[in-house]
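# Summary of structural features
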Amino acid sequence: MTQSLKGIAASPGIAIARAFHLASEHYTPTKQAIQDSPQEINRFRQAVAVARDEVEAIRASAEERLGANKAEIFEGHLMILEDPDLIEAIEMKIDDEAINAEFALHDVSQSFIGLLQSMTDELLRGRAIDIEDVSGRIMSHLRGVPHLDLANLPAECIIVARDLTPSDTAQLNLEVVRGFITEVGSRTSHSAIMARSLEIPAIVGIGPSIHGLPEHAVVVMDASQGIVLVNPTEEELAAYRDKKQKDDLRRAELSKLKDQPTLSKDGKQVELAANIGKLEDIQRAIDNGAEGIGLFRTEFLYMGRSSLPTEEEQFTSYKYALEKMNPKPVVIRTLDIGGDKELPYMELPAETNPFLGQRALRLCLDRQDLFRTQLRALLRASRYGNLKIMFPMIAVLEELLEAKKLLEEERQKLIAEGVQLAEHIEIGMMVEVPAAAVAADLFAPEVDFFSIGTNDLIQYTMAADRMNETVSYLYQPWHPSLLRLIRFVIQAAEKEGKWVGMCGEMAGDVTAIPLLLGLGLHEFSMSAGSILQARELIGQLDKTEWAGCANQALTMRSTQEITQFVEHKRKQAFAILW
Ligand code: PEP
Ligand code: MG
């Protein structure tokens, strides 16, 4: 019989494939006494042998697909699997203490990792990550849970996991991964955002029942509705194949708008841009008719690797993005690490409240070496296209001024070195901390543009963690407090003749677009897959009329009142949309 699960619709689309459970990387085994140590050691050796065969196969395939350089990391993994210091220490622990292999593996590898992480040598610190990876692989074989390499999955599948980190998501091989479903997560967690930019269906926050989903079962994801069907009947499968076909037809219809400008019904122009995290996303942005890149989340260039990207590597990536989009604008945001975006190799101290901690620009101002490297790479790339630089997580004016000062210092150094740079680069800031929104008039003279980051602005305004389902009822984009902040930011910018974009998820939400247009937003930056639908919608909206609606909405007292009002207005305006 078909089983159905319900979760949060994180990235739309229909997917049909078999389920693959992804072993949790955060598994901590319990210590158990065993009777037969030699037998336990044997079990451990078998797990190591399977892991070795697996890594060897991955190494060969990576070498073929990506070249010898990229495959080097797996040579390192093979060395660890054959490292007598590590392997013998685990076997001795099983024997001496008569304990289970899982616990011995965890305990010994954690002490190796701890030791390596305390080293100053960056290469040795990088080895800690390799040990973590290899021990996770052995662990999954001991537990009988297949260890999946996200970049090397064997066949078409839907990933089933407790959670996916943003870097897991970045590594997904889209030739075989049809979608993913997770136990935890929210629409604005970064893996959900990435799924939307990769245009793969994702359903998150399903809850613990996800673990009962049988391995390799046929699964249908109706990700626009947040519905998962397990072992569907033939009729259900046929119905969803039909629905998928209709989705594809609708997309083909929308693609006719790809090269059109974005004009409202009364002829007012706005810009629809794409949010990207990886260079591969740029082609998707172009294919979906993006008029620019409104947010390049550069932190993804820093993920899925074991050391910081060099200035040269960054320069190459930024240059590529600028050239590919030229003459369209590319807003590149400086590093926003922290919150749910971690960089294990940086070994940043654990924080009690990472979203309120040393995140993004706060970290960059503290670690100026890191920041200056990025600024130099950006400046050097500037002459290859239409670059705009944006600073994230600004709360106070001093942070903005300091960031601008460092940028200017690097600019002067490059000029002195004879490097050719763009004549003018627009500088902007994200408005995602309420302090910056409320004081937008103080910031406006210092920037060329604002981009409103509603994902964070909502969580900080409402004091409701964007990742926590239990407080998701407070995560209200429509709350009067938010609308007032947005209105104020736009007014403050307009007084100084500056433009305002929005790159939080609200910008791509078809139910929010009419009011945002009415509030006077100039640029809407969203996942590439949402652009054409937004363009079609804006073409049917009368901006002047929605400006009146926005004024009315601003007099209301609650999210409920505002959403009901907007719902009523849009029903009046359209018979069929949404
Ligand atoms: C935001 O906060 O709205 C935003 C776009 O930044 P991020 O989602 O990367 O935190
Ligand atoms: Mg943010």
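None of the values given here were measured: they were computed from a predicted structure.

Domain annotation for the chain reports domain 1 (3–23 + 149–233), domain 2 (37–143) and domain 3 (253–573). Computed from C-alpha coordinates alone, the two centres of domain 1 and domain 3 are separated by 27 Å. If you look at the interface, domain 1 gives 20 residues, while domain 3 gives 20 residues. For the domain 1 face of the interface with domain 3, the top three residues by lost area are Thr188, His190 and Ser197, together amounting to 32%. Where domain 1 meets domain 3, there are 1 salt bridge. The interface formed by domain 1 and domain 3 holds 4 residue pairs in polar contact (both at pLDDT 80 or more) in total. Contributing elements (two or more residues each) for the side of domain 1 that touches domain 3: helix H6 (166–171) and helix H7 (190–198). The element contributing the most residues to the side of domain 1 that touches domain 3 is H7, with 6 residues.

Looking at the magnesium ion (ligand 2), one finds its protein donor set to be Glu432 (OE) and Asp456 (OD), positioned 2.0 to 2.1 Å from the metal centre. Of the two residues, glutamate 432 sits in the loop between strand E14 (426–431) and helix H14 (434–438) while aspartate 456 sits in helix H16 (residues 454–462), which places them 24 residues apart along the sequence. Taken as a pair, glutamate 432 and aspartate 456 share a single burial class, namely buried.

Turning next to the nonpolar core. Soluble globular proteins: nonpolar side chains tend toward being buried together. In this structure, Phe371, Phe391, Met429, Phe450, Leu515, Leu516 and Phe524 are the most contacted members of the largest nonpolar core, which totals 104 residues. Per element, the largest residue contribution to this core is 8 residues, and it comes from helix H17 (residues 480–495). In this view, methionine 429 contacts Met390, Phe391, Ile394, Leu400, Ala436, Phe443, Val447, Phe449, Phe450 and Ser451; residues no more than four positions away in its chain are not counted. If you look at the next biggest cluster of nonpolar residues, it comprises 29 residues, including Ile34, Ile87, Ile113 and Leu116.

Evaluated as defined, the whole model comprises 4 aromatic pairs. Each ring, one from phenylalanine 371 and one from phenylalanine 391, has its centre 6.1 Å from the other, and the planes form 65°; the classification is edge-to-face. Taken together, the residues phenylalanine 371 in helix H12 (residues 368–381) and phenylalanine 391 in strand E13 (residues 386–391) connect sequence positions 20 residues apart. For phenylalanine 391, a relative accessible area of 0% corresponds to the buried category. The ring of phenylalanine 315 carries the charged tip of arginine 380 above its face, separated from the ring centre by 4.2 Å.

Below, the discussion takes up the sheet that holds strand E6 (residues 202–204). Across the sheet, which stays open at both edges, the 8 strands sit in the order E1-E8-E7-E3-E4-E5-E6-E2 with mixed pairing between neighbours. What marks the edges here is a single partner per strand, and that holds for strand E1 (3–6) and strand E2 (8–11). Going from strand to strand, the sheet's axes swing by 30° on average, the running direction of each strand aside. In terms of strand pairing, strand E3 (residues 14–21) meets strand E4 (residues 157–161) through 4 bridges, oriented parallel.

With that settled, the discussion passes to a nonpolar patch on the surface. Nonpolar side chains collect at one region of the surface, where Leu115, Met119 and Leu124 lie side by side and expose about 240 Å² of accessible area between them. Within the secondary structure layout, leucine 115 lies in helix H4 (residues 101–117). Leucine 115 sits in the exposed class, given a relative accessible area of 55%.

With that settled, the discussion passes to the packing of H16 against H17. At a closest axis distance of 10 Å, the pairing of H16 and H17 adopts a crossing angle of 125°. In terms of orientation, H16 and H17 fall into the oblique class. The hand of the H16/H17 crossing is right-handed. Contact residues: Leu457, Ile458, Thr461 and Met462 in H16; Ser481, Leu482 and Leu485 in H17.

The next subject is the environment of leucine 343. The residue leucine 343 is located in the loop between strand E12 (329–333) and helix H11 (361–366) in this model. Placed 24 residues apart in sequence, leucine 343 and lysine 319 show a C-alpha to C-alpha distance of 24 Å. Leave out the neighbours within four places in its chain, and leucine 343 touches Tyr302, Met303 and Ile337.

So, on to unusual backbone geometry. The omega torsion across asparagine 326 and proline 327 is 5°, close enough to zero to call that bond cis. You can see proline 327 is positioned in the loop between helix H10 (311–325) and E12. Positive phi, close to 70°, is recorded for histidine 216, a residue that is not glycine. Relative to the helices and strands, histidine 216 is located in the loop between E6 and strand E7 (218–222). Relative accessible area serves as the criterion here: at 39%, histidine 216 is assigned to the partly exposed category. Its identity as a non-glycine residue notwithstanding, glutamate 347 has a phi of 45°, on the positive side. Turning to its location among the elements, glutamate 347 is positioned in the loop between E12 and H11.

Before going further, it helps to examine the site of ligand 1. Around ligand 1 sit 17 residues in total, of which Arg297, Arg333, Gly453, Asn455 and Arg466 are the nearest. Interatomic distance of 3.1 Å between a side-chain N/O atom of arginine 359 and an oxygen atom of ligand 1. The fraction of the free accessible surface of ligand 1 (290 Å²) that becomes covered by protein chains is 100%. Only H7, strand E11 (293–297) and H16 provide two or more residues apiece to the shell around ligand 1. Per-element tally for the shell around ligand 1: the top contributor is H16, with 3 residues.

Direction vectors running N to C along helix H20 (residues 543–553) and helix H21 (residues 559–573) enclose 160°, while the axes themselves pass 10 Å from each other. Here H20 is positioned roughly antiparallel relative to H21, judged by the angle of their axes. Crossing handedness for the pair H20 and H21: right-handed. Judged by residue contacts, Trp546, Cys549, Gln552 and Ala553 of H20 engage Ile562, Phe565, Val566, Lys569 and Arg570 from H21. Looking at the contact of H20 with H21, its residues break down into 6 nonpolar, 1 polar and 2 charged.

Attention now moves to the pattern of salt bridges. Applying the stated criterion across every chain yields a total of 45 salt bridges. The closest approach of N and O atoms between glutamate 505 and arginine 196, which form a salt bridge, is 2.6 Å. Here arginine 196 lies in helix H7 and glutamate 505 lies in the loop between strand E16 (499–502) and helix H18 (513–519), a separation of 309 residues in the sequence. Notably, a salt bridge pairs glutamate 567 with arginine 570, separated by 2.5 Å at the nearest N-O pair. With glutamate 567 and arginine 570 both in helix H21 and 3 residues apart, this pair spans about one turn of that helix. Taking the relative accessible area as the measure of exposure, arginine 570 reaches 11% and is therefore buried. Sharing partners across several salt bridges, the network here consists of Glu311, Glu312, Arg372, Arg376, Arg380, Glu402, Lys405, Glu409, Glu410, Lys413 and Glu417.

What counts as what
Residues numbered from 1 in each chain as written. Chains lettered and ligands numbered in written order. Predicted model: local features only at pLDDT ≥ 70, side-chain atom pairs only at ≥ 80, totals over all residues. Heavy atoms only, no water. Domains from an automatic or database assignment. Contact = heavy atoms within 4.5 Å. Buried area = accessible area lost by both parts, 1.4 Å probe. Salt bridge = Lys/Arg side-chain N within 4 Å of Asp/Glu carboxyl O. Polar contact = N/O pair within 3.5 Å; in protein donor to acceptor, adjacent residues only side chain to side chain. Helix = DSSP H or I, 4+ residues; strand = E, 2+ residues; numbered from the N terminus. Donors = N, O, S within 2.8 Å, 3.2 Å for Na, K, Ca; no water. Buried < 20%, exposed > 50% of the residue type's maximum accessible area, 1.4 Å probe, protein only. Core = buried A, V, L, I, M, F, W, Y, C linked by side-chain atoms within 4.5 Å. Phe/Tyr/Trp six-rings, centres within 6.5 Å; stacked < 30°, edge-to-face > 60°. Lys NZ or Arg CZ within 6 Å of the ring centre and 35° of its normal. Pairing = 2+ DSSP bridges. Axes fitted to C-alpha atoms, helices over the stretch in contact; angles between N-to-C directions. Patch = residues over 30% accessible without salt bridge, like charges linked within 9 Å, V, L, I, M, F, W, Y side chains within 5 Å. Areas by Shrake-Rupley, 256 points an atom, 1.4 Å probe, with all protein chains shown as cover. Parallel < 35°, antiparallel > 145°, perpendicular 65-115°, else oblique. Left-handed = near helix turned anticlockwise from the far one by under 90°. Near = heavy atom within 4 Å. Nonpolar A, V, L, I, M, F, W, Y, C, P; charged D, E, K, R; others polar.

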